[in-house]
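So the chains spell out like this:
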Amino acid sequence: MANNRDYYDVLGIDRKATDKDVRAAYRRLARQHHPDVNPGDATAEARFKELNEAYQVLSDADSRKAYDRYGAGWRNAGHYERAGANAGQSPFTWFQGARTNRRSGKGSFGSMGDLFGDLFTGSRAPQQAEVSVTVSLEEAAAGAMRLVSVEGRRLEVKIPPGVDTGSKVRIAAPNAPELYLVVTVSQHPRFERRGDDLVVSVDTPLTTAVLGGETEVPLLSGKRLALKVPAGTQNGRTFRLRGKGMPQRAGTGHGDLLASVRVVLPEHLTDEQRMLFERLRQTEAC
């Protein structure tokens, strides 16, 4: 973590922030500092990487729990959990024994370095390399391939379906440190993403909304789906289409598509249409 800054401070949120708060803060800041928005700005690029790191930790329940307990050295908390915690020791008591054994060359702690420093400062975090990549919402849904350059090598990387902004994809590269793609999903001009769900506005003629009928719902794949609209449908009413949203990265299914009705009023009326609307207004006035 750059300069050991607190992850909560990085995202500008409280420690009691909900998962929704974490996602909202990350997306807002990631859009502001993304390298595509700030070409050639090294400060923005560094800030973007810092945001990704904070989001990856705080968006995962297990890593956030470890971070809340151990701070910057949360990645090495497993050493204490396996040894000291199982023996009923506090982190401080366990460290004292680890440091004494290391200095005297006794026990298994001798090869572990200054584990207290690892645990509470994060100074020996595993070496990682990250490559930022931007994909479209369609690519995030279907999966994609990218060619990336890492240490002078060009690697073809598969991005699995279901990734979201902040997702990390492990790059398999022999004789290299841990490599990850840090994904940013571009905003779509028509679809809004909410987790695994998608939201889309559906233009619906006034007559269909009033009398009932069918309207077409666009899908991210480019296909269209017929939606039955009941008579008297109000502007803004939302219909949930199960399983028509984004694929879940765990491969367990899909989110939903939320189709929001947007009633389209006629702009140019014929004489007959105007007369019919006049009659309708007269009946409403009665």
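All residue numbers here refer to positions counted from 1 along the written sequence of the relevant chain. Where totals are concerned, whole chains, interfaces and linings use all residues; where local detail is concerned, this predicted model gives features only for residues with pLDDT of at least 70, and gives and counts side-chain atom pairs only at 80 or more. Computation of side-chain values covers all heavy atoms of the structure but excludes hydrogens and water.

## Quick look at the layout of surface pockets
The condition that has to hold: In this analysis, the protein atoms alone were mapped onto a 1 Å grid. Cavities are point sets where a 1.4 Å probe fits without being able to get out; pockets are open sets with protein on both sides within 12 Å along at least five of seven lines; lining residues have an atom within 4 Å of a point. Grid points are joined across faces, edges and corners, and a volume is the space filled by probe spheres set on the points. The classification used treats Ala, Val, Leu, Ile, Met, Phe, Trp, Tyr, Cys and Pro as nonpolar, Asp, Glu, Lys and Arg as charged, and all other residues, Gly among them, as polar. Secondary structure is summarised from DSSP: a helix means a run of H or I of at least four residues, a strand means a run of E of at least two, and numbering begins at the N terminus for each.
Each pocket or cavity is described by its volume, and for the largest pocket that value is around 490 Å³. Taken together, 19 residues make up the lining of the largest pocket; nearest its centre are Arg 31, Thr 165, Val 185, Ser 186 and Gln 187. Its residues assigned to classes, the lining of the largest pocket comprises 5 nonpolar, 7 polar and 7 charged. Roughly 370 Å³ of internal volume is contained in the second largest pocket. Contributing to the lining of the second largest pocket are 16 residues, with Arg 23, Tyr 55, Asp 164, Ser 167 and Asp 196 lying nearest its centre. For the lining of the second largest pocket, the secondary-structure elements that each account for two or more residues are α2 (19-33) and α3 (42-58).

## Digging into helix α4 (residues 61-70)
Which entries qualify depends on this criterion: Burial classification: accessible surface area is computed with a 1.4 Å probe over protein chains only, and a residue below 20% of its type maximum counts as buried, one above 50% as exposed, and the rest as partly exposed. It is the directions from the helix axis to the C-beta atoms that the arc portrays.
All of the buried residues along α4 are Ser 63, Arg 64, Ala 66, Tyr 67 and Tyr 70. Here the buried residues of α4 occupy an arc of 165 degrees about the axis, which is enough to place them on one side. Of the exposed residues in α4, those oriented more than 90 degrees away from the buried face are Ala 61, Asp 62, Lys 65 and Arg 69. Backbone geometry just after α4 places Gly 71 at a positive phi near 70 degrees.

## Quick notes on the pattern of salt bridges
To be explicit about the condition: Any carboxyl oxygen of Asp or Glu within 4 Å of a side-chain nitrogen of Lys or Arg constitutes a salt bridge here.
One pass over the structure, following the stated rule, counts 16 salt bridges. In this structure, Arg 240 engages Asp 197 in a salt bridge whose closest nitrogen and oxygen atoms are separated by 3.7 Å. Highlighted residues: Arg 240 in strand β10 (residues 238-241) and Asp 197 in strand β7 (residues 197-205), separated in sequence by 43 residues. Here Arg 281 makes a salt bridge to Glu 278, at a shortest N to O gap of 2.9 Å. Of the two residues, Arg 281 and Glu 278 both sit in helix α10 (residues 271-285), 3 residues apart, roughly one turn of that helix. Look at Glu 278 and you get partly exposed, because its relative accessible area is 33%. A single network of salt bridges, built from pairs that share partners, joins Asp 197, Arg 240, Arg 242 and Asp 256.

## Let's talk about the packing of α2 against α3
Note the threshold: Lines are fitted to the C-alpha atoms to define the axes, a helix being fitted only along its stretch in contact, and any angle between axes, read from their N-to-C directions, falls within 0 to 180 degrees. For classification, angles of less than 35 degrees are called roughly parallel, those exceeding 145 degrees roughly antiparallel, those between 65 and 115 degrees roughly perpendicular, and all remaining angles oblique. Left-handed describes a crossing whose near helix is turned anticlockwise from the far helix through less than a right angle; right-handed describes the clockwise counterpart. The contact definition used throughout considers only heavy atoms, calling two residues in contact when any of these lie within 4.5 Å.
As a packed pair, α2 and α3 sit with axes 9 Å apart at the nearest point and diverge in direction by 165 degrees. One element, α2, and the other, α3, form an angle in the roughly antiparallel class. Taken as a pair, α2 and α3 cross one another with a handedness that is left-handed. In contact with Val 22, Arg 23, Tyr 26, Leu 29, Ala 30 and His 33 of α2, α3 contributes Ala 44, Arg 47, Phe 48, Leu 51, Asn 52, Tyr 55 and Leu 58. Taken together, the residues of the contact of α2 with α3 sort by class into 9 nonpolar, 2 polar and 2 charged.

## Re the nonpolar core
Stated precisely, the cut-off is as follows: Take the buried Ala, Val, Leu, Ile, Met, Phe, Trp, Tyr and Cys residues and link them wherever side-chain atoms come within 4.5 Å; each set so joined is a nonpolar core.
Counting 33 residues, the largest nonpolar core has Leu 181, Val 217 and Leu 257 as its most contacted members. Ignoring anything within four residues of it in the chain, the contact list for Val 217 reads Val 200, Val 202, Lys 223, Arg 224, Leu 225, Leu 227, Leu 241, Leu 257 and Ala 259. By size, the runner-up hydrophobic cluster in this structure holds 18 residues, among which are Ala 17, Phe 48, Leu 51 and Tyr 55.

## Observations regarding the packing of aromatic side chains
As a reminder, the rule being used: For Phe, Tyr and Trp, rings pair up if their centres lie within 6.5 Å, where Trp contributes its six-membered ring, and each pair is then called stacked (planes under 30 degrees apart), edge-to-face (over 60) or tilted (otherwise). Here, a charge over a ring means that NZ of Lys or CZ of Arg falls within 6 Å of the ring centre while also lying within 35 degrees of the ring normal.
Using the criterion set out here, one finds 3 aromatic pairs in the structure. Taking 6.2 Å as the distance between ring centres and 40 degrees as the angle between the ring planes, the aromatic pair formed by Tyr 8 and Tyr 67 counts as tilted. On the criterion of sequence distance, the pair formed by Tyr 8 in helix α1 (residues 7-11) and Tyr 67 in helix α4 is long-range, its members being 59 residues apart. Following the ring pairs from residue to residue traces out a cluster consisting of Tyr 7, Tyr 8 and Tyr 67. In this structure, Lys 168 packs its charged tip against the face of Tyr 180, placed 5.7 Å from the ring centre.

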